Amino acid sequence: MSATALVCDIVRFSSVDGPGNRCVVFLQGCNFDCIACHNPYTINVCNNCGECVGVCESGALSLTASGDVLWDPAACVGSDSCVGWCPHDSTPKARHMSVPQVRWQ
Amino acid sequence: MSRKERVVMEMHELRSVGRSLIGDHTLTYHQRVARLANLAEEALDAPAVSDACAAALNKRIICDMFEGHAPYRARYLLPDYQLAIQQGSHYLELDAPTNLNEALWFLMAMYTQVPSITGYPVYLGDLDNVLAPFTVGMTVGDVVSALRPFWRALDRILPDAFVHVNIGPDDSVMARAVLQLERELKQVVPNVTLKVDRKRTPDDLLLDAVRTVFESGHPHFVNHEMMVSDLGDRYGVVSCYNSLPIGGGAHTLVRLNLAELVRNHTGDVQAFFDVALVQYVELASELIEARVRHLVEDAHFYDHLWLIDEGLIALNKFSAMFGVFGLAEAVDQLMLMQGLGGTYGNDQIANELSYRITGEVAALVANRPLPHCEANAGRAFLHSQSGIDSDIGVTAGTRIAVGSEPSVYEHIRAVAPHHYLFESGVSDVFHLDNTARANPESVVDIIRGAFREGMRDFTFNLDSNDFIRITGYLVRKSDLEHIADGVRHSSTLLGAATEAASHVTWRRPKRMVSHERAAAPVALFGAPV
């Protein structure tokens, strides 16, 4: 049983996060709330308000019976409409990952 | 002159084409002389081949690169300049040079006496090694001062971008001076390749080279360890990504148009592999054999060559080159035949199919003995041919179609599995966006990573300099604008035709800001709208 963390996204090739080419793991949730944040959708954890479900043009988002927002990566086209719409500085696409899962990616 | 037909010209047509060449004010005197010589060669009978081979050639399923009907000089020669410098030359009536200045003049004299298919030498040597004895104790600044007039003269005396210098894999004042001059002078000639070795090439040299590409489009990068394991440590990269043994070269290059082959194929995918591919690899090999025999046995090129007499090249270090191109269209078409829509470079099934095609071609070429090809144990070297000006609607070599290239990581992963097969060179051009300028280290990482993934050759360029890499050679955008008035570099004429036919300027730039989202206004102010 390994610990997991909420991962917003993994950027395989980043050339804007320091010298060289870096693989960057963006974690979801930040204690700061900087006004000029470059990735504001990483600030909060999704509160399942469901606002984004109707915005998704590819039908990749739905509400479960228990009222949680469910993201289907296979249907997602990566338009980030949900992220742009989110009233809560979050994303419906964050997922819990263990260290081995992140390394496998 | 039409390059479509292989029939021998009638005299009245020959006269008419000759007359129009003589009257073409956009060609320099030397460009006219070269074209008139080609025209004369076209008037001769081509080496005899079977009817099937001639038909394949007329349909352009196989292509002789329009080298000419009567091969009388090898396509690529890589003289051993190091040996020439050590022993001096009886033919050139020059003693072995004793200092850098003498060495540069020795080389310049020698370059003018080295033949090739283009009329200009396609290989100027591994200049850091060749000139190392004369730069002991010199600083980079000293070498730059000594080299600058020589470098300018190369571009003026040999105005053809297939003229190629090699440096690396070790760091040296000469390698640094070459890079500095490339940044400063921004010349089309010479084309430059940096050999990159995981251990021997320091990051700092690679970084210098990457910054040089930002300014001048040069150099091209090769995976030194992979080259050494295929060709031995005495190899050179010449013309457009053609890697061949030093002291030898390639008699000729014949290429197989995979796109056209699939277009003419009437059976299913299995029949393509079992019948069509087998048949046309043989027809291309037949053409190679006829052309090699003409060059060696009828034209006696190597019997009367000063480079042979002085031991600077040897016939047993030559082979022929078997090229392929149009893989992208071939794969996409074969996918459609199976009812699949995936395309090469963007779909795993399509990519697997592409590896199967090149793997089959490699196996067939490795099983076809050819005369006078001792450099590769009597077989042709396999080559991913990067295109010529008359190619329309067909992608160079094993590249992904221009405009369909995926992001850097996927691009490297898709094409790398082909590279080990092509010992005499393969090319993929990575078009990076300007963000790379702010982070050259990231490009160093990409090159190192690409070579670890099994890439043999790596070329990139940015939008923001004056250079476009056409096939493997470079032209300046500013020269293309004046093409109607004529240009000094013969290769720029080819580049203009290629740009018109293949839109190489439409290569999709890689977003270096990978998957980063632009901050939306809603986010900037921290409040939802």
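What you are looking at is a predicted structure, and each value in this text was computed from that prediction instead of being measured.

What counts, and where the lines are drawn
- Residues numbered from 1 in each chain as written.
- Chains lettered and ligands numbered in written order.
- Predicted model: local features only at pLDDT ≥ 70, side-chain atom pairs only at ≥ 80, totals over all residues.
- Axes fitted to C-alpha atoms, helices over the stretch in contact; angles between N-to-C directions.
- Helix = DSSP H or I, 4+ residues; strand = E, 2+ residues; numbered from the N terminus.
- Parallel < 35°, antiparallel > 145°, perpendicular 65-115°, else oblique.
- Left-handed = near helix turned anticlockwise from the far one by under 90°.
- Contact = placed C-beta atoms within 7 Å.
- Nonpolar A, V, L, I, M, F, W, Y, C, P; charged D, E, K, R; others polar.
- Pairing = 2+ DSSP bridges.
- Buried ≥ 20, exposed ≤ 12 C-beta atoms within 10 Å, placed from the backbone.

Chemist: Go over the packing of helix H9 (residues 203-216) of chain B against helix H17 (residues 440-452) of chain B with me, naming the residues and quoting the values.
Modeler: A pair of packed helices can be characterised by two numbers: the angle between their axes and the separation between those axes. Residues and elements named next belong to chain B. At a minimum axis distance of 9 Å, the contact between H9 and H17 shows a crossing angle of 110°. Considering the angle they form, H9 stands roughly perpendicular to H17. Between H9 and H17 lies a crossing whose hand is right-handed. Mapping the contact onto sequence places Asp203, Leu206, Leu207, Val210 and Arg211 in H9 and Pro440, Glu441, Val443, Val444 and Ile447 in H17. Of the residues contributing to the contact of H9 with H17, the split by class is seven nonpolar, no polar and three charged.

Chemist: Explain the sheet that holds strand E2 (residues 22-27) of chain A residue by residue, including any values.
Modeler: Residues and elements named next belong to chain A. Read across the sheet, three strands follow the order E2-E1-E5 without closing on themselves; strand pairing throughout is antiparallel. Each edge of the open sheet carries a strand with a single partner, namely E2 and strand E5 (95-98). Between one strand axis and the next, the sheet turns through 55° on average, direction left out of account. Note that strand E1 (residues 4-14) and E5 share four bridges and pair antiparallel. Its bridge partner lying in E5, Leu6 is registered against His96.

Chemist: Could you give me a rundown of the environment of B:Asp171, with the residues and numbers involved?
Modeler: Residue and element names in this part refer to chain B. Structurally, the position occupied by Asp171 is in the loop between strand E4 (164-167) and helix H8 (173-185). On a C-alpha basis, the gap between Asp171 and Asp203 in space is 10.0 Å, while along the polypeptide they are 32 residues apart. Ignoring anything within four residues of it in the chain, the contact list for Asp171 reads Pro202 and Leu205.

Chemist: Quick one: what's the story with the pairing of strand E10 (residues 318-325) of chain B, residue by residue and with numbers?
Modeler: For a regular strand, side-chain orientation follows a simple rule: the groups alternate between the two sheet faces. Residue and element names in this part refer to chain B. Most of E10 is tucked away, with eight of its eight residues classed as buried. Where strand E9 (residues 249-257) meets E10, seven bridges bridge the pair, whose relative direction is parallel. Bridging across to E10, Leu253 finds its partner in Met321. Both E10 and strand E11 (residues 381-384) contribute to a ladder of four bridges, which runs parallel.

Chemist: For the sheet that holds strand E3 (residues 123-126) of chain B, give the residues involved together with the corresponding values.
Modeler: All names here are of chain B. Spatially, the six strands line up as an open sheet ordered E3-E4-E5-E6-E13-E12, and their pairing is mixed. Strands with a single pairing partner mark the edges of an open sheet, and in this sheet they are E3 and strand E12 (429-432). Averaged over all pairs of adjacent strands, the angle between strand axes in this sheet comes to 25°, irrespective of strand direction. Strand direction decides the pairing type here: E12 and strand E13 (residues 457-462), joined by four bridges, are parallel. Bridge pairing in E13 places His431 opposite Asn461. Helix H10 (residues 224-231) contacts strand E5 (191-196) and strand E6 (220-223) of the sheet and is inclined by roughly 55° relative to E6.

On their own, these measurements won't tell you what the molecule is for.
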